[in-house]
Structure formats: structure tokens, C-alpha cells
Amino acid sequence: MSADEDTELRDLVAATLEANGMLAKIKAQLRASVFLALEDEDSLTRLSPRMSPRVETLLSSNDGVLTTQVVREFLLFYNLDYATSVLDPELNAPMVTESAPDRITLARDLGVSESTDTSLLTSLIAKRSAPVRNVTDTELLIPDDLTDKQIADANDKFVAVDYDRTGFIDKPTTRRLFLDVLPKFSARLLDRFLDDELHSATIGFPEFLSLYRRLFLMCRSVVAPTAADQSETSV
């Protein structure tokens, strides 16, 4: 076979592989294999795996960890196995690769629905791109405080999780109770709130109600206009 025929055959094979999508997959597999081979070689001479300083800074924050978890979920959802095989050792972050939360928990932290039709990253972008609907005055009629029904329901649920009937529950139980009372609230934001506001190992219902009311008022201040805002609008 001549050199020209060899070149023509090579180009024909490359064009065929590119047309059926195999060429990109082969290239991705090759890049992953090369990276992993280099990583194995480095491990013989390095005591710690390689990590970009920027990635190290990223993973030092909760938002950074959440970001990488979302990116990895995107790769896994679309079966980008070779890209994932490169990402995992380069991150070298067990909280992202090994002990990451399940998809349902991750979706709740992001405030998006856990759909089997699309990745969480796509859902997040779609939510951000959705048109903003004007909210009517009627929809802004949020009560100034917890209603009697909300307090009664919270009390019933508190009693239900007070298994030893001491009148007190610990912090993990308090967290689960809040997620039960406020199922759509971000678990990550709740953890931050409890870290800042809950200073004792156990609490009774009065303390829980105080935290519940404080959290309710904080949320209300974000979504409902204050009296000052309303007076400015009416001028």
C-alpha cells in the first residue's frame, strides 16, 4: 500500500469515526488514560496528590464543594465517564467523589426539582432563566407572625420526635424537625442558621418555637414589603 493510499485510508477511517461520534469518545478516553498514567507516575514521587491552588481554595468553602458536586453530577448524568475519571483524581476530594449527598438532597440544597429527565445543573440554569412573574398585592399578604395552626402543628411534631418524653430534643433532631416543618427550605441555609443560633446541646419546645419564629420573620423580611417600603411606594 502506497503512502497516498495509507493517508487516504486513515482520513476515511477518521471521517467515519467522527461521523458516528466515536472519534470524540476515543480522544476523551485517550486524554483520560494519559492523565491517569501521569498521575500514577507522580504518586511514586509525591507524598500528596496534585491539586490546583484555586481548586483547594474552592473546596475550602461550602459553596465551592456544592459547585463541584453539581458539576460532577452533570458529568455522571450524561455518562461522561472519561471526563469523570479525570475530574475525580484531579479534585482528590472525598466530600465530592465519595461522601457526596444523594441526588435528592443535592436538588433540595439547590432549590430545584429532582427530575430524571435532566441534570441538576440544567435545572438550575432553567430556573434562573425562567421569566419573572409579577407578584400581586394579594399574594404578598404574608402574616406578621406564625399562625396558631403553625404553632400547634409544630408542637405536635415536636412531641412526636421527643422519643424519651423528656421535653427536650438534641440538635440533629431539631434539624430534622425543621426540615419537616419547612420541607422546601434549603438544608444548607438551615445548617448555617442553626450553627449561628443554636448554642445548647438540647432545646425544649419554647426554644424551638423561638427559633422557628426567628427563621419565619427572617424569611418574611425577604419576600414581603415592610411598612416603610409600602409608604414609600404610596408617595
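Each value, and the rule that gives it
Residues numbered from 1 in each chain as written. Predicted model: local features only at pLDDT ≥ 70, side-chain atom pairs only at ≥ 80, totals over all residues. Heavy atoms only, no water. Helix = DSSP H or I, 4+ residues; strand = E, 2+ residues; numbered from the N terminus. Contact = heavy atoms within 4.5 Å. Areas by Shrake-Rupley, 256 points an atom, 1.4 Å probe, with all protein chains shown as cover. Salt bridge = Lys/Arg side-chain N within 4 Å of Asp/Glu carboxyl O. Buried < 20%, exposed > 50% of the residue type's maximum accessible area, 1.4 Å probe, protein only. Arc of directions from axis to C-beta. Core = buried A, V, L, I, M, F, W, Y, C linked by side-chain atoms within 4.5 Å. pLDDT = per-residue confidence, 0-100. Phe/Tyr/Trp six-rings, centres within 6.5 Å; stacked < 30°, edge-to-face > 60°.

## Brief notes about the overall build of the protein chain
At step 1: A tally of helices and strands in the protein chain yields 13 helices and two strands.
At step 2: Contacts in the protein chain between residues far apart in sequence, at least 24 positions, make up 62% of those at least 6 positions apart.
At step 3: Summed over its atoms, the accessible surface of the protein chain is roughly 16000 Å², and 58% of this surface lies on carbon and sulfur atoms.

## Regarding the pattern of salt bridges
At step 1: Per the stated rule, a full pass over the model turns up ten salt bridges.
At step 2: A salt bridge links Asp-191 to Arg-175; its shortest N-O distance comes to 2.6 Å. Taken together, the positions of Asp-191 in helix α11 (residues 187-197) and Arg-175 in helix α10 (residues 171-181) put the pair 16 residues apart, joining distant regions of the chain.
At step 3: Using a relative accessible area of 28% as the deciding quantity, one classes Asp-191 as partly exposed.
At step 4: What makes Arg-175 partly exposed here is its relative accessible area of 28%.

## Quick look at helix α5 (residues 81-91)
At step 1: Along α5, the residues that are buried comprise Thr-84, Leu-87, Asp-88 and Leu-91. Summarising the axial view, the buried residues of α5 lie within an arc of 100°, below the 170-degree limit, and thus occupy one face.
At step 2: Tucked inside the fold, the buried residues of α5 contact α3 (53-58), α4 (62-77) and α6 (94-97).
At step 3: A positive backbone phi angle near 50° is found at Asn-92, which sits one or two residues after α5.

## Digging into the nonpolar core
At step 1: Counting residues in each nonpolar core, the largest one holds 23 residues, and the members touching the most others are Leu-177, Phe-178, Leu-190, Phe-208 and Tyr-212.
At step 2: Setting aside its immediate chain neighbours within four residues, Tyr-212 contacts Leu-146, Gln-150, Ala-154, Phe-178, Val-181 and Leu-182.

## Quick word on the confidence of the model for the protein chain
At step 1: Of all residues in the protein chain, 69% attain a pLDDT of 70 or more, and the chain-wide mean is 76.
At step 2: Low pLDDT (under 50) marks residues 223-235, which in the prediction has five contacts with non-local residues, meaning those over four places away or in another chain.

## Observations concerning the packing of aromatic side chains
At step 1: Following the criterion strictly, the structure yields eight aromatic pairs and no others.
At step 2: Centroid distance Phe-158 to Phe-208: 6.1 Å. Interplanar angle 50°. Geometry classified as tilted. With Phe-158 in helix α9 (residues 148-161) and Phe-208 in helix α12 (residues 205-223), the pair connects residues that are 50 residues apart, well separated along the chain.
At step 3: Between the aromatic rings of Phe-178 and Tyr-212, the centroid separation amounts to 6.3 Å while the plane-to-plane angle is 80°, which identifies the pairing as edge-to-face. You can see Phe-178 sitting in helix α10 and its partner Tyr-212 sitting in helix α12, a full 34 residues away along the chain.
At step 4: Assessed through its relative accessible area of 1%, Phe-178 is described here as buried.
At step 5: For Tyr-212, a relative accessible area of 4% translates into the label buried.

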